Structures are given as structure tokens and as C-alpha cells.
Amino acid sequence: MSQSDTIFSLSSGRLPAGVAVVRISGSKVRFVFETIFGSVPARRVMTYGPLFSADGSLIDRGLAVYFQGPSSFTGEDCGEFHVHGSIAVVRALSLVLSGFEGVRQAEPGEFTQRAFLNGKMDLTQAEGLGDLIAAETEAQRRLALLQSEGNLLNLYEDWRLRLVQTRAMVEAVIDFSDEDDVAARALFDLEEKLSQLSSEITRHVSGFRQSEIIREGYNVVILGAPNSGKSTLINALAGREVAIATAEPGTTRDLIDVRLDLSGNLVVVTDTAGIRENAGYVESIGIRKAHNRASTADLVLLVVDILNPVVIDLSGVSCPVLRVGNKADAARNSPSGYNFVISAANGVGIEELLANISREASLAANSSELFAVNSRQMEYLNNCIGEIDSSRIVGLPLDLMAEHLRLASNWIGQLTGRVNVEELLGIIFSKFCVGK
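Each value, and the rule that gives it
Residues numbered from 1 in each chain as written. Predicted model: local features only at pLDDT ≥ 70, side-chain atom pairs only at ≥ 80, totals over all residues. Heavy atoms only, no water. Helix = DSSP H or I, 4+ residues; strand = E, 2+ residues; numbered from the N terminus. Buried < 20%, exposed > 50% of the residue type's maximum accessible area, 1.4 Å probe, protein only. Contact = heavy atoms within 4.5 Å. Areas by Shrake-Rupley, 256 points an atom, 1.4 Å probe, with all protein chains shown as cover. Salt bridge = Lys/Arg side-chain N within 4 Å of Asp/Glu carboxyl O. 1 Å grid on protein atoms, 1.4 Å probe; cavity = no way out; pocket = protein on both sides within 12 Å on 5 of 7 lines; lining within 4 Å. Points joined across faces, edges and corners; volume = space filled by probe spheres on them. Nonpolar A, V, L, I, M, F, W, Y, C, P; charged D, E, K, R; others polar. Pairing = 2+ DSSP bridges. Axes fitted to C-alpha atoms, helices over the stretch in contact; angles between N-to-C directions. Phe/Tyr/Trp six-rings, centres within 6.5 Å; stacked < 30°, edge-to-face > 60°. Patch = residues over 30% accessible without salt bridge, like charges linked within 9 Å, V, L, I, M, F, W, Y side chains within 5 Å. Polar contact = N/O pair within 3.5 Å; in protein donor to acceptor, adjacent residues only side chain to side chain. Lys, Arg positive; Asp, Glu negative; His and termini not counted. Parallel < 35°, antiparallel > 145°, perpendicular 65-115°, else oblique. Left-handed = near helix turned anticlockwise from the far one by under 90°.

Visitor: Could you give an account of the overall build of the chain, naming the residues involved and the relevant values?
Guide: Helix and strand counts for the chain come out as 14 helices and 12 strands. In the chain, which comprises 436 residues, the share counted as buried stands at 47%. Contacts in the chain between residues far apart in sequence, at least 24 positions, make up 63% of those at least 6 positions apart. By element, 51% of the accessible surface of the chain is carried by carbon and sulfur atoms, the whole surface being about 21100 Å².

Given below as C-alpha cells:
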């Protein structure tokens, strides 16, 4: 994947559509415009005109816009062709573009990778942009937008600069080690600064689970005996038929996930196999999966048939459990001992149950701060904390203290892409869609 190539790709999504946007970036953008469009449009001005192939035949009529580097998304010369969103039109335009020497189809995330390499954004902004494109809910959009706007970059750069300054103070103490009073006062100040910094980063990392819930979803697992109404319940929660619900026990043998947007939060509800003794081989696999998923859930809905209650083993469940009594429409008396009493079949109590799940998800994801939002960032920040704490060991030689602080600042540098990140680029940008 040569950075000297000019790249292009459809950037507007699945075809057919009303309009298709084909993006191009690199040193040959002007030549491509002159050849296909007849001229280079004025910078940042949408210009209407015909697009021609190499043999002079008309491809389509559309809009073209030119962004001169470095004032562009990638930092290179960029352009866009806005054509009719026909599969045939985009295919014809792509064939013409790929016919130019040194012009090729872009790899996933390559436009954003070039923006990073050309200093238009740091790694945290690039990751935030990827999350913004993938956002399904309002909470995901807000968190991703904060990161893509550089909020994490500003925070991490502040920590890195403070580490660099602290290391410089250690070097100064080494130079003035023969002056005991100066060295003692400086070391006291260093310990106070490092303690504060370690506390700030630790608090930041502690919010990882909240951001993970926003990004990956609040996990709700439905458990219960066969025929307790689990599949009917997930259909009712989803508002559509996603699971087979019959009177025959054991019809659900694998995990069925439904993604819900509740008050702007992503909630993933999982239907599971009915839990019972003496199940068959295949059904036992499903029951084992049910227990495993419940062990990592944020909330478990234990569905109980009011008419035929069965005790379920919850020994592996560490999260909150809501006891949901089902089939209230067939019960003669008002049952007790349940958090909710519903009829999944006719919708009684479903709105109240959904409202409770929504509140729990909102509480779990609630945060007034921007926390580390992915496992890469959490890992590097934990490594940074480790180096800071190692530098604070009583009696540690000053040269080793300085080395630990250098390593700590390097971990922060790798977060933003300032230090030694070549091996990360393929991993991070391969997750992007083609055209971004």
C-alpha cells in the first residue's frame, strides 16, 4: 500500500442511491479532474458538468468539488465526484479512475490513515471518527464526537507534557545532587506531582466500563426454564418476531441477540436456551452458553412461569437479577415475590419492564467525563500508571526514576500516535469502512 499512490473510493454508502460520492486523494487529483471533468473546479466550490471516460464517451453529469492540500481532510489534494447513485455509473467511473497510472482503489480506512500521517489528526481522533461512523445511538454519537473533536488528545497531551516536565525536574535534581536542601525540596514536589498524576489517570481508567457499555451495549440476558416465555418476551421487547415461540420445550438452543435503542443507549438483549436437568446433547450446549453469557451480563431477567415456577441455578451470576413473573393473564391470584409481573403474550407489563431496563442502562453508562473508550487506550494508560508508580518507589536511584518517567510519557505518546505506532496502523484503520 504505497502512500505515493492517488487513491479513490465510493464514500457515500450502499448503492443504488439518489446520489453517490466518489472521493479521490493524492498528487494526481488535478490531472484526474482535467482529464475527466475538463478542468479543475475552483477550490471548495461545487461545480456542475459532464464526466467523460478516456474514449470521450459520457459517463454521467454531476457535481465536482476540489480541496487543495494541505487544507483538506487527508492533507493532500482531494476531490469528490457527486454522481447519480447507480451501480452502473459508479462502476464506470471507478473503471476510468483505476485506468490512470498511479491511481488505485483505496483500502479500508486509508483516507483517515493519510490524514493521521499528514498530521491532520491524532490516533484518538481517528478512533473517535471510526466510532462516530459506526454509532447507532445518541450516547455513542456524543462520546465518539467528543473524541473525534480532540478532547482525549488535549487530556493526554497535558499528561504527557507534565511527565516530560517532571522528568526534567529529576534530571535537574541529579545535576544538583550535591546541594542537599535543593534536592530534598525538589523530590518532595516531585512525589506530590506524580501522586496527583497517577490519581488522575487511574480515575480516568476506572470509567472504562461506562464507555464500554456506551460503545458495545448494556447486556441483558434472559434466563428461565423451558416454556417460561423467554422467547415470547424477547419478541415483545423487540417489537417483532426474532425468536421462535412455541409450546414445545427446548426450541431455543442458541443465543439470540437483539439490539435496542432505549433512551439513546444501546441495550443488547439475549434470549437463551431453557435451563433444565437431563437435557439432550445439543440442548446442553445451549444451556452452557446461557450460563456463560449470564456470567458476564449487566442485568439478568429471570423469567418464571407463574403457573409452574421452576427454581433456576444462579450461582454463576454476579450482576443484578430481576425476577419476572410471566403469564399473568392466566393467573387467578396476584402473585408475589416478583420484581415485575407481565404477560409477554399480550403485552401486559412490557412497557414498565422496558422503562426499568432503560433506567438501568442509563445509570450504568452515565458519566459527566470523557473516559478511555477502548481497550487499547486502557492498556496503555495502565502501563503508564505502572511506570509512574514504579518511579515513586522509596530509595529508587534517580536515574532509574527518570527512565520510568520516560517510559510513562512514551506510553502516552503511543496513545496519540506521537511515538512508535507503525505496528498499530494496520490494526486501527482496517476497522474503518472503505471510503473513509
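Visitor: Tell me about the pattern of salt bridges, residues and numbers included.
Guide: Pairing of side chains with opposite charge becomes possible as their charged atoms draw close. In this structure the tally under the stated criterion is 22 salt bridges. Notably, a salt bridge pairs Glu110 with Arg104, separated by 2.6 Å at the nearest N-O pair. Using a relative accessible area of 1% as the deciding quantity, one classes Glu110 as buried. Under the relative-accessibility criterion, Arg104 is labelled buried at 18%. Across the salt bridge formed by Arg114 and Glu110, the nearest N and O atoms sit 3.6 Å from each other. Of this pair, Arg114 and Glu110 are both found in helix α3 (residues 110–117), four residues apart, which corresponds to roughly one turn of the helix. Taken individually, Arg114 and Glu110 each receive the classification buried, so the pair is uniform in this respect. Members of the salt-bridge network, linked through shared partners, are Asp5, Glu76, Arg104, Glu110 and Arg114.

Visitor: Lay out empty space enclosed by the protein with the relevant residues and their values.
Guide: Under the counting rule described, the total for this entry stands at one cavity of 30 Å³ or more. Put simply, the largest cavity is a space of about 40 Å³. Tallied by class, residues from the lining of the largest cavity come to seven nonpolar, four polar and no charged.

Visitor: Describe in detail the sheet that holds strand β12 (residues 340–341), supporting the description with residues and values.
Guide: The strand order β8-β9-β7-β10-β11-β12 describes an open sheet built from six strands, whose pairing is mixed. Among the strands making up the open sheet, the edge pair consists of β8 (256–262) and β12. As paired elements, strand β7 (residues 218–224) and strand β9 (residues 265–271) share five bridges and run parallel to each other. Along β9, the bridge assignment pairs Val220 with Val269.

Visitor: Explain the sheet that holds strand β5 (residues 78–85) to me, using residue names and the numbers behind them.
Guide: Strand order across the open sheet formed by six strands is β3-β4-β5-β2-β1-β6, with mixed pairing between neighbours. If you trace the sheet from one side to the other, it starts and ends with β3 (47–52) and β6 (103–105), each paired once. Adjacent strand axes in the sheet meet at a mean angle of 30 degrees when their direction is disregarded. Bridge count between strand β2 (residues 17–25) and β5: eight bridges; the pairing is antiparallel. From the neighbouring strand, Ser25 faces β5, where its bridge partner is Cys78. Lying over the sheet, helix α1 (residues 29–36) contacts β1 (6–10), β2, β3, β4 (58–67), β5 and β6, oriented at roughly 40 degrees with respect to β5. The strands touched by α3 within the sheet are β1, β2 and β6, with β1 carrying the most contacts at an inclination of about 140 degrees.

Visitor: Which residues make up the packing of aromatic side chains, and what are the values?
Guide: Scanning the model with the defined rule gives five aromatic pairs in all. Measuring from ring centre to ring centre gives 5.7 Å for Phe31 and Phe100, while their planes differ by 85 degrees; the resulting arrangement is edge-to-face. Note that Phe31 is positioned in helix α1 and Phe100 in the loop between α2 (87–98) and β6, a separation of 69 residues in sequence. For Phe100, a relative accessible area of 13% translates into the label buried. Taken together, the aromatic side chains of Phe33, Tyr66 and Phe81 make up a single cluster linked through ring pairs.

Visitor: Kindly report on a nonpolar patch on the surface, identifying the contributing residues and their values.
Guide: Together, Met46, Tyr48 and Leu63 make up a nonpolar patch on the protein surface, roughly 300 Å² of accessible area in all. Among the secondary structure elements, Leu63 is positioned in strand β4. The partly exposed category is assigned to Leu63, whose relative accessible area is 32%.

Visitor: Before we move on, can you summarise the environment of Asp305 with the specific residues and values?
Guide: Within the secondary structure layout, Asp305 lies in strand β10 (residues 299–305). Since its relative accessible area comes to 12%, Asp305 is described here as buried. As for Asp305 and Ser228, which are separated by 77 residues in sequence, their C-alpha atoms are 4.7 Å apart. Non-local contacts of Asp305, meaning those with residues more than four positions away in its chain, are made with Asn227, Ser228, Asn326 and Lys327. Among the polar contacts made by the side chain of Asp305, one reaches the main-chain amide nitrogen of Leu307 at a distance of 2.9 Å. There is a polar contact of 3.1 Å between the side chain of Asp305 and the side chain of Lys327.

Visitor: Tell me about the side chain of Glu387, and name the residues and values.
Guide: Mapped onto the elements of the fold, Glu387 is located in helix α12 (residues 375–391). Arg406 provides the closest opposite charge to the buried, unpaired Glu387, separated from it by 8.5 Å. Every residue in contact with Glu387, bar those within four places of it in the chain, is listed here: His404, Leu407, Ala408 and Trp411.

Visitor: Lay out the packing of helix α5 (residues 138–148) against helix α8 (residues 208–216) in plain terms, naming residues and giving numbers.
Guide: Taken N-terminus to C-terminus, the directions of α5 and α8 make an angle of 120 degrees; their axes are 8 Å apart at the nearest point. Our classification of the angle between α5 and α8 gives oblique. Both α5 and α8 take part in a crossing whose hand is left-handed. Along its contact with α5, which presents Ala139, Gln140 and Leu143, the element α8 presents Ser211, Ile214 and Arg215. Taken together, the residues that form the contact of α5 with α8 break down as three nonpolar, two polar and one charged.

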